[in-house]
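Coordinates in review
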Amino acid sequence: MVLALLVSGAVVVLVLLGLFVFGLRRRLIQRSGGTFDCSLRWDVPEDEREPSGKGWIYGVARYNGDRVEWFRVFSYAPRPRRILERSAIEVVERRTPQGEEELALLSDSVVLVCRHSGTRLELAMSEDALTGFLAWLEAAPPGQRVNVA
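To keep things clear, this report deals only with the structure shown in the data block. The model shown is predicted, which means the values in this text are computed figures rather than measured ones.

Cut-offs and rules
Residues numbered from 1 in each chain as written. Predicted model: local features only at pLDDT ≥ 70, side-chain atom pairs only at ≥ 80, totals over all residues. Heavy atoms only, no water. Pairing = 2+ DSSP bridges. Helix = DSSP H or I, 4+ residues; strand = E, 2+ residues; numbered from the N terminus. Axes fitted to C-alpha atoms, helices over the stretch in contact; angles between N-to-C directions. Contact = heavy atoms within 4.5 Å.

**Brief notes about the sheet that holds strand β6 (residues 89–95)**
Strand order in the open sheet formed by four strands is β2-β8-β7-β6, and the pairing between neighbours is antiparallel. Each of the sheet's edge strands pairs with one partner strand only, and the pair in question is β2 (39–42) and β6. Adjacent strand axes in the sheet meet at a mean angle of 25°, parallel and antiparallel pairs treated alike. In this structure, β2 lies alongside strand β8 (residues 119–126), joined through four bridges in antiparallel fashion. In the strand pairing of β8, Arg-41 is matched with Glu-122. Running over the sheet, helix α3 (residues 127–138) touches β6, β7 (109–116) and β8 and is turned about 130° from β8.

Written as structure tokens, this is what we have:
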């Protein structure tokens, strides 16, 4: 009985510690400012007729100079999972979530279909975050190519 209580207590402590570390990591990512919630779907097939809810990963994106660093929400990794260079991003289209995507994404998300160095990807974010992202893309220093559709 005592052993079962000790094991149960240890499990509860480990779960709480894991949740605390998730929160601390997110706080550290957001500390420098310029962050927004952003789901990502990487390497999307060109011939996809109807978007599915599969492949979407919840994340937090952070502006860092001429880059957007994308971090997975459910990860302990201190480094970004993807880095998007401003000069390599080409916006293809903007659309609302369709079908199963509505269940896979946060409510009121807008999907931005892009290319980054030849890789097709989709970013889903709020309307406010989208406005900021497009403004950041268009605010490239003089002489840099900007590809906003």
